[in-house]
Amino acid sequence: MGRDEQHSVDPVSPQLDKSKEGDRVFAWIFTLLPGVMAIWLSYICVGSFSKISASNQWIETRCRVIQSELGVDDEQRKVIDIRYSYAFNHQNYVGDKYDLGDKATAPRLWKQRVVNRHAVGCETVCFINPQDPSQAVLEPGWTTNVVNSESIFFLWCGLSWVGFICLVVRLRQVHFEDDTKPEDQGWEPHLALSSQDSGSGVGLLPLRPERPKFQETLRRAILYGPVRGLGVAACVILFAFVFESGELLLLALIFFLGLLCDMWKMGYCGLKVALWRFCPRPKIRTNTATPNVNGPLEVEWSLTGGLPTVRSMRIVLKGREQTEVEKRKRSKILRETFAEIVIVNTANPFEMTGGRQKVVIPAGTVPSMEFRKSRIAWSIDVELDVAWWPNPVASFPICVLPAACKELAA
Amino acid sequence: MIELTIAVEGKQNQFEPGEVVDIRAKWKCDFPLAALEVRLVWHTECMDEEPSAIVISQSSRIESPEAEGTHRCQLPLPETPFGFLGKLISLKWGVELVTFPDLEAVRLDLSVGPGGKPRVLHPAE
């Protein structure tokens, strides 16, 4: 069969399954509510973070410390009780903020050092908000106090929720993939059989798509990233509080940043997974998952979700050489396509929704093979051209047997 | 000292899958050999990877051979796998004459595939 040869297509109308709609609505609510909460928390944090960053631009002015001691707050926690006087635009003010962080959460030793450094009567500099001169701090920007504030915790909570929801969504997806019976996928088995073309008289088998790489990366980042980063950070924070050491807290921050790196990976892959989930989903059924070279392969497809946005669809049977090479201690998979048999190439929405086509795997082609680090792999690839969206490619692996095996089996 | 030669009759080493290969092995040795084996073998070569282990498809064994002699045998090629040449992976056929217990060997490459040639996976575009 030629590469560009066109075929007539038997359209088949898939029946959408309504029984899972309740589950889907619940899943959406469960996903959206914490998502909104996460966005809200992140918004608060970003607001306070921008103020902290802006304080670096505040006006530097001389001031005199008039009170400096370690006091206690309403919850009997040690706080820096500092007051200083300064003049701005011929007006006198008294400031009581050391920085823009939480007064109580920093280590006690660090607070004691601050008090010792700013003895009563000494002259130092403070930073004044030009828009509100009554607002001033002795140390602008990111301080130990700020890093220890609740804002970071809120941000972490928000991002964790996003990660958790990604995990839940992923687990639900796996659950559906494992448990779904062909009848549950919106297909009636008798519809899958062609009255004149199937020949074999056997029902078509649903193929399972290959899992995209970013899904696996996300799964690993969710499962191992927070555990690794948080575990180490928690241990270091514990030691920091026991020994009241600000340096150890800095070390904890480094581990925390390591966790954020995994968060970045989670965010990137999570976004791709989310985009993937909103893409139209192709399903492929074949008369056999192990066709023979020079033998027929009957392919039936259906496409659900987001159909109006799909501009065209191409289903191709592809044979690939695949080998794993190592470069600078990192393995990379190289692929070369050696056979491409177009099963359908259409822009007709009705044909895209569902159809059936029969192809013959050309004689003399190489069947599936697997070696230590290399393989000859065959798959049915569904390539969609989606408007205003990344074009998804779903790959359904199949095992092509040599022509001789059929004779042996017979 | 040992001299081993192996040749196939006619066909210029080109065979279709399923065809019978007529092999002639010749040896000359100044010490006694436990056995000799004529083998029809294939192996794969992949990028950045050592050639794979030899797969013995068919063989013909001569126990306690003379110090010098010839042996002719006919070994059938299977229908699959046939030879192919890819950008990343290649599968090659050959015949080997191997001595025992020293495992001295001599090899002759064969072209096996539809039309007597290994399949080229990526023909020149």
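Before reading on, note that the structure itself is shown above.
What comes next concerns the included structure.

It is worth spelling out the overall build of chain A at this point. Across its full length, chain A carries nine helices and 15 strands. Sorting the 410 residues of chain A into buried and exposed places 42% on the buried side. Summed over its atoms, the accessible surface of chain A is roughly 22800 Å², and 58% of this surface lies on carbon and sulfur atoms.

Further remarks concern the environment of Ser85(A). Residues and elements named next belong to chain A. Among the structural elements, Ser85 can be located in strand β3 (residues 78-88). Here Ser85 falls in the partly exposed class, since its relative accessible area comes to 28%. Sequence spacing of Ser85 and Ile66 is 19 residues, and the spatial spacing of their C-alpha atoms is 6.9 Å.

Turning our eyes to something else, we now look at the sheet that holds strand β2 (residues 59-72) of chain A. Strands pair in a sheet through their backbones, by hydrogen bonds, and they do so in one of two ways: parallel or antiparallel. Residues and elements named next belong to chain A. Reading across from one edge, β4-β3-β2-β5-β6 is the order of the five strands in this open sheet, with antiparallel pairing throughout. The sheet is open, and its two edges are formed by β4 (91-95) and β6 (136-137), each paired on a single side. Sheet topology note: the β2/strand β5 (residues 123-128) ladder contains six bridges and is antiparallel. Residue Glu60 lies in a different strand from β5, and its bridge partner there is Phe127. Strands β2 and β3 of the sheet are contacted by helix α2 (residues 108-117), whose axis makes an angle of about 30 degrees with β3.

Let us now look at the environment of Leu91(B). With respect to the helices and strands, Leu91(B) occurs in strand β8 (residues 89-100). Between the C-alpha atom of Leu91(B) and that of Arg119(B), which follows or precedes it by 28 residues, the distance is 9.5 Å. In contact with Leu91(B), other than residues within four places in its own chain, are Met369(A), Trp42(B), His43(B), Thr44(B), Pro81(B), Phe82(B), Gly83(B) and Phe84(B).

What counts, and where the lines are drawn
- Residues numbered from 1 in each chain as written.
- Chains lettered and ligands numbered in written order.
- Predicted model: local features only at pLDDT ≥ 70, side-chain atom pairs only at ≥ 80, totals over all residues.
- Heavy atoms only, no water.
- Helix = DSSP H or I, 4+ residues; strand = E, 2+ residues; numbered from the N terminus.
- Buried < 20%, exposed > 50% of the residue type's maximum accessible area, 1.4 Å probe, protein only.
- Areas by Shrake-Rupley, 256 points an atom, 1.4 Å probe, with all protein chains shown as cover.
- Pairing = 2+ DSSP bridges.
- Contact = heavy atoms within 4.5 Å.
- Axes fitted to C-alpha atoms, helices over the stretch in contact; angles between N-to-C directions.

All we've got here are geometric facts, nothing functional implied.
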